[in-house]
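The lines below spell out each chain.
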Amino acid sequence: MTLHVPPTITAEFRDFWRERHLCLLVTHRPDGTPHQVPVGATYDDVSGIARVISHGASKKVRNVLAAAPGARVSLSQVAGRRWSTLEGIATVDRDPEAVAEAVRRYTERYREPRVNPERVVIEIAVTRRMGTV
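Residues numbered from 1 in each chain as written. Predicted model: local features only at pLDDT ≥ 70, side-chain atom pairs only at ≥ 80, totals over all residues. Heavy atoms only, no water.

Explain the pairing of strand E1 (residues 23–28) here, please?
Every other side chain in a regular strand lies on the same face of the sheet, so the side chains alternate between the two faces. Where E1 and strand E2 (residues 34–39) come together, 6 bridges link them in antiparallel fashion. Residue Leu-25 lies in a different strand from E2, and its bridge partner there is Val-37. Counted along the chain from E1 to the antiparallel partner E2, the turn is 5 residues long, and its residue Gly-32 has a positive phi close to 95°. Of the pairings in the sheet, the one linking E1 to strand E5 (residues 71–79) comprises 4 bridges and is antiparallel in character. (Pairing = 2+ DSSP bridges. Helix = DSSP H or I, 4+ residues; strand = E, 2+ residues; numbered from the N terminus.)

Below, the structure is given as structure tokens:
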């Protein structure tokens with residue numbers, strides 16, 4: 001797979017993905033149509049992994065699972081004239097340690113989420129970044 005990721009990450013980009021912003025996740029239904037929903041998300045620029053916590057039975061999770069072994073998705077956020085989109089390959093992880101790490105990161109960026117024993121994490125291996133930051 002060819003990566004379309006710029007070689008450097010600016011401080012502005014890093015800060016933008018640490019500030020509290022609502023994001024939009026686009027997955028694709030089995031018929032190919034887009035499914036876009038608001039989510040809280042985090043991005044680790046060292047590993048290149050974006051994370052979205054979710055209920056295991058949600059439509060977005062089902063869409064990712066239906067596209068196994070990986071689903072092409074996009075994750076965007078916008079604040080005024082500043083915006084950023086991350087594209088990549090999503091997988092669903094149910095491992096308690098992976099979910100706990102995603103919850104930790106979510107808590108740092110947003111707030112502590114409610115308890116959800118059915119929680120999973122959608123992990124997105126970012127292959128492309130674009131935007132104004």
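Sorry if this is basic, but what is going on with helix H2 (residues 59–66) here?
Each turn of an α-helix holds 3.6 residues, which means side chains three or four residues apart point in the same direction. Among the residues making up H2, those that are buried are Lys-60, Val-61, Asn-63 and Val-64. Considered in projection along H2, the buried side chains sweep an arc of 160° and stay on one side of the axis. (Buried < 20%, exposed > 50% of the residue type's maximum accessible area, 1.4 Å probe, protein only. Arc of directions from axis to C-beta.)

What's the story with the pattern of salt bridges in this structure? I'm lost.
Side chains bearing opposite charge may pair, as long as their charged atoms lie close to each other. Taken as a whole and assessed by the stated rule, the structure comprises 7 salt bridges. Its salt-bridge partner being Glu-19, residue Arg-82 comes within 2.9 Å of it at the nearest N-O pair. Within this pair, whereas Arg-82 is found in strand E6 (residues 82–93), its partner Glu-19 is found in the loop between helix H1 (11–16) and E1, the two being separated by 63 residues in sequence. Each of Asp-44, Glu-101, Arg-104, Arg-105 and Glu-108 takes part in salt bridges that share partners, so that together they form one network. (Salt bridge = Lys/Arg side-chain N within 4 Å of Asp/Glu carboxyl O.)

Help me understand the nonpolar core, please; the structure alone is not making it clear to me.
Ranked by size, the top nonpolar core spans 31 residues in total, and within it Trp-17, Val-39, Leu-75, Leu-86, Ile-122 and Ile-124 carry the most contacts. When near neighbours in sequence (up to four residues on either side) are disregarded, Ile-124 contacts Leu-25, Gly-48, Ile-49, Ala-50, Val-73, Leu-75, Gly-88, Ile-89 and Ala-90. (Core = buried A, V, L, I, M, F, W, Y, C linked by side-chain atoms within 4.5 Å. Contact = heavy atoms within 4.5 Å.)

What am I meant to see in the packing of aromatic side chains here?
How two aromatic rings sit relative to each other is given by the distance of their centres and the angle of their planes. Under the definition given, this model contains 3 aromatic pairs. Arranged with centres 4.8 Å apart and planes meeting at 35°, the rings of Tyr-106 and Tyr-110 form a pair that is tilted. The buried category is assigned to Tyr-106, whose relative accessible area is 15%. On the basis of relative accessible area, Tyr-110 is assigned to the buried category, the value being 13%. Counting every residue linked through ring pairs, the aromatic cluster contains Phe-13, Trp-17 and Tyr-43. Seen from the ring of Phe-13, Arg-129 lies directly overhead, with NZ or CZ sitting 5.4 Å from the centre. (Phe/Tyr/Trp six-rings, centres within 6.5 Å; stacked < 30°, edge-to-face > 60°. Lys NZ or Arg CZ within 6 Å of the ring centre and 35° of its normal.)

Sorry, what's going on with the pairing of strand E4 (residues 49–55) here?
E4 sits mainly inside the fold: 6 of its 7 residues count as buried. The sheet contact formed by strand E3 (residues 42–44) and E4 spans 3 bridges and is antiparallel. Each bridged residue has a counterpart across the sheet, and for Asp-44 the counterpart in E4 is Ile-49. Hairpin connection of E3 to E4: 4 residues between the antiparallel strands, including Gly-48 at a positive phi of 75°.

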